[in-house]
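Spelled out from the first residue to the last, the chains are:
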Amino acid sequence: MIRKPVDVGDPDRLYMVTGGRSEADDSFDLVTLVVSESEPTPGMQSEHVRILELCRHPTAVVEISAELALPVTVVRILLGDLHDMGKVSARHPRAAASVAGLPETALLQEVLHGLRNL
């Protein structure tokens, strides 16, 4: 099996898929989970239909890109379209807890020691 780089594609096709747009929606990063909010409607662009089918369950942007064999930037443009139409919702990953909110290292070591003694 010969693998091509992700960004290799027919430029004319990518131009048509995005309607000539090159600016992606910044609200979708690689790990944002996307969920379909409705079924595809007749006359929708085939890539939009495929995204709605893929996202029946939460799916990361990077997974959508891989499944469609499209560059992430193109997928982000398509997701922006669907989001504007109310067809998908985005679930952004939670920010990491601050270091101050984490338990003390000494406490964790005591717990680990206790578990090893069991």
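Refer to the structure above for everything that follows.
What counts, and at which threshold
- Residues numbered from 1 in each chain as written.
- Predicted model: local features only at pLDDT ≥ 70, side-chain atom pairs only at ≥ 80, totals over all residues.
- Heavy atoms only, no water.
- Buried < 20%, exposed > 50% of the residue type's maximum accessible area, 1.4 Å probe, protein only.
- Helix = DSSP H or I, 4+ residues; strand = E, 2+ residues; numbered from the N terminus.
- Arc of directions from axis to C-beta.
- Contact = heavy atoms within 4.5 Å.
- Salt bridge = Lys/Arg side-chain N within 4 Å of Asp/Glu carboxyl O.
- Axes fitted to C-alpha atoms, helices over the stretch in contact; angles between N-to-C directions.
- Parallel < 35°, antiparallel > 145°, perpendicular 65-115°, else oblique.
- Nonpolar A, V, L, I, M, F, W, Y, C, P; charged D, E, K, R; others polar.

Here helix α3 (residues 61-68) has its buried residues at V61, I64, S65 and L68. In a view along the axis of α3, the buried residues occupy a sector of 100°, so they form one face of it. Facing away from the buried side of α3, by more than 90 degrees, are the exposed residues A66 and E67. Taken together, the buried residues of α3 touch β1 (33-36), α2 (46-54), β2 (59-60) and α4 (72-84).

The next subject is the pattern of salt bridges. When their charged atoms lie close together, side chains carrying opposite charge are able to pair. Here the structure, examined in full by the defined rule, presents 2 salt bridges. Residues R56 and E39 are paired through a salt bridge, measuring 3.6 Å at the closest nitrogen-oxygen approach. In this pair, R56 is assigned in the loop between α2 and β2 and E39 in the loop between β1 and α2, connecting sequence segments 17 residues apart. E53 serves as the salt-bridge partner of R50, at 3.8 Å between the closest nitrogen and oxygen. Of the two residues, R50 and E53 are both situated in helix α2; the distance of 3 residues between them amounts to about one turn of the helix. For E53, a relative accessible area of 33% corresponds to the partly exposed category.

The subject of this paragraph is α2. The set of residues buried in α2 consists of E47, H48, I51, L52 and L54. The buried residues of α2 occupy an angular sector of 165° when projected down its axis, which confines them to one face.

So, on to the packing of α2 against α4. Relative to each other, α2 and α4 sit at 80°, their axes nearing to 10 Å. The angle between α2 and α4 falls in the class roughly perpendicular. Contact residues: α2 offers E47, H48, I51 and L52, while α4 offers L78, L79, D81 and L82. In the contact of α2 with α4, the residues fall into 5 nonpolar, 1 polar and 2 charged.

The next subject is unusual backbone geometry. Even without glycine at this site, A69 takes up a positive phi of about 55°. Mapped onto the elements, A69 comes out in the loop between α3 and α4.

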